[in-house]
Every structure is written in structure tokens, then in C-alpha cells.
Amino acid sequence: MIDLKLPKPTRLEGIIVTIDGPAGSGKTSTAREVAGALDYRHLDSGSLYRAATFSLLRESINVKEWEHLTVSDLDLLNLQILPMDDKIIMSWDQKNISSEIRSAEVTEKVSYVASLPQVRKWLFETQQNLGLNGRLVADGRDMGEVVFPEAEVKIFLTASLEVRARRRLLEYIDPKSHDEMLDDEMKRINKRDLADQNRQHSPLVQAQDAIQVDTTKLTFHQQVKTLLGIIKDLTGIGS
Ligand code: CDP
């Protein structure tokens, strides 16, 4: 069940900034930092797809059945997605699942789940509702193109496959084992990129009006600064 207890919009509180891009391009960490700097809410849309995947796995629904699930079936999952202040809390069976949704098992299946049209339909309204009042930085694959086509600022983050794999490894593996694991991580990321780019519904594409930022040679601090600069130039918002 998705329970959005948001107040009805009374006024637009701010703009919408979308940050899309392939796996490991730094969207989520950058979006979180940019949202913090602007005092905006952050929507990590990938975490919604991860939470849906986690629920399907945990509720032991056979993978072969997933493509036949309807929106009403998905509503019966024991998943709660609740905005709380400027965070979005996801729980399954009343337990916070923010770490569990990052597991290798979920990562392996999430692109398949995200390719299912009924899952996208089910999560679409949730995402749009979170942006009703504006004041949102949303990151994902189709934020600028499909979910928030009217966003004031659209960014498309890229980086070379090797740099993205290195950054991903840095998040969870001892740096000493990086070199031997790099090839496998590059393969995993590439597989997910291809699945996201080639799926029929809402594939990963750069929105026509998005500004591309290549972060291959940028530090995290530089990429946050670059995005805040773009937002300031385009809208006058931020410092
Ligand atoms: O952080 P990372 O780039 O590894 O992935 P994520 O943002 O957590 O998203 C996980 C998966 O969800 C992606 O590989 C996509 O398959 C899917 N996704 C999507 O289809 N649409 C979005 N707006 C966000 C994520």
C-alpha cells in the first residue's frame, strides 16, 4: 500500500530539479546534497523501484508471476512509502528497509522490475504527488522526460563506465580489492545500463531540454557546485 499523507497543494513552494543518468553517475548522492543546499525535499526514485523489488522478493512471489501482477496486486504488497519532513521513508511490514534495498539480490533484479509497465504505472502517481508543491530535487532515469516534464531545471549526469564502477566499489568494498573486482563491477553496471536504455517503457534517455554534465573528471564537491551553479543561472534560486 502506498500511503501519501501529503497536504493538498496550496501554493507552489519552489521549483523542481531533475537529475537523471546511468548507474553510478552519482545522481543520488549529488541530488541529496543539492536538495540539502537548497533546503528542498529529495526524491531518490531508484529507491522506490528497489523497495518494490525487495517486497516482491520478501513476499515470495514467484519471479515468473511478476510480469502478470496488476496495479491492484501491487497495492496489496506490505510496502509503505511515507514522506516525513524532507525524507521519504520506506518500510516493509513496519520495518525501515533503507539498507536492505541496496542488497546485491535487489540490485540484480531491480532493472527487470523497473521494466514492467504496471510497476512504473503504480509508482508514477506516487512520484508526481511528491512533486505537487515543487521544492523537489528528483533523481532517477526518467524524471525529466516522463515524471516531471515541466521541471524548471533538468540535468543529465554522465561519467565513463570505469569511473562509475570505481565509485560504486568505493561505496561498499575495501579499496585494496578494487582492481580485481573492477571488471566484474563494470560488467554489472553495463548490463543494468543496457537494460535501462533498451526497455520499452520509459527507457533511460536524456530529455531534450536537459543539460548534460560529464562528471568523469569532477570531484564530488565540484559536481555539486556545478549543479548549484546551473540552478542559480537558470532560475536565480540558491546562493
Ligand atoms: O543508484 P543506481 O544508479 O545504481 O540505481 P538506482 O537509482 O538505485 O536505481 C535502481 C534501478 O531502478 C535502475 O537500474 C533502473 O532500472 C530503475 N529505475 C528506473 O527505472 N527509473 C527510475 N526513475 C529510477 C530507477
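Located above this text is the structure these notes cover.
Small disclaimer: the values here were computed from a predicted structure and weren't measured.

What counts and how
- Residue numbers run consecutively from 1 along every chain, following the written order of its sequence.
- Restriction of local features to residues with pLDDT of at least 70 applies here, the model being predicted, together with a cutoff of 80 or more for giving and counting side-chain atom pairs; totals for whole chains, interfaces and linings are based on all residues.
- Computation of side-chain values: all heavy atoms of the structure, hydrogens and water removed.
- Helical segments are the DSSP runs of H or I of at least four residues, strand segments are the runs of E of at least two, and each set is numbered from the N terminus.
- Here the radius of gyration uses the C-alpha set of atoms, whereas the globule reference equals 2.2 Å times the residue count to the power 0.38.
- Between buried and exposed lies partly exposed: a residue is buried under 20% and exposed over 50% of the maximum accessible area for its type, with that area taken using a 1.4 Å probe on protein chains only.
- Here the open area of atoms and residues is found with the Shrake-Rupley method and a 1.4 Å probe, where only the protein chains shown may cover a residue.
- When charges are counted, Lys and Arg contribute as positive and Asp and Glu as negative, whereas His and the chain ends are disregarded.
- One atom stands in for each charge, and that atom is NZ of Lys, CZ of Arg, CG of Asp or CD of Glu.
- Each residue after the first adds 1.5 Å to the expected span of a helix.
- Working note: the arc is built from the helix axis to C-beta atom directions.
- Whether two residues are in contact is decided by their heavy atoms, any of which lying within 4.5 Å being enough.

Draft legend 1. Representation of the overall build of the protein chain within the structure. Counting its regular elements, the protein chain contains nine helices and eight strands. Relative to the globule expectation of 18 Å for 239 residues, the C-alpha radius of gyration of the protein chain, 17 Å, shows essentially globular dimensions. Expressed along its principal axes, the backbone C-alpha trace of the protein chain runs to roughly 55 × 50 × 30 Å. Scored against the burial criterion, the 239 residues of the protein chain give a buried share of 47%. Here the protein chain has roughly 12400 Å² of accessible surface; of this, 51% comes from carbon and sulfur atoms. Charge centroids of the protein chain, computed over 31 positive and 36 negative side chains, lie 2 Å from each other.

Draft legend 2. Molecular detail of helix α9 (residues 220-235). Spanning 16 residues, α9 covers 23 Å between terminal C-alpha atoms, matching the ideal 22 Å at 1.5 Å per step. Along α9, the residues that are buried comprise Gln223, Val224, Leu227, Ile230 and Ile231. The buried residues of α9 occupy an angular sector of 125 degrees when the element is viewed end-on, so they sit on one face. In α9, the exposed residues that point more than 90 degrees away from the buried face are His221, Lys225 and Asp233. The elements touched by buried residues of α9 are β1 (16-20), α1 (27-38), β7 (153-158), α7 (161-172) and β8 (211-214). Backbone geometry just after α9 places Gly236 at a positive phi near 80 degrees.

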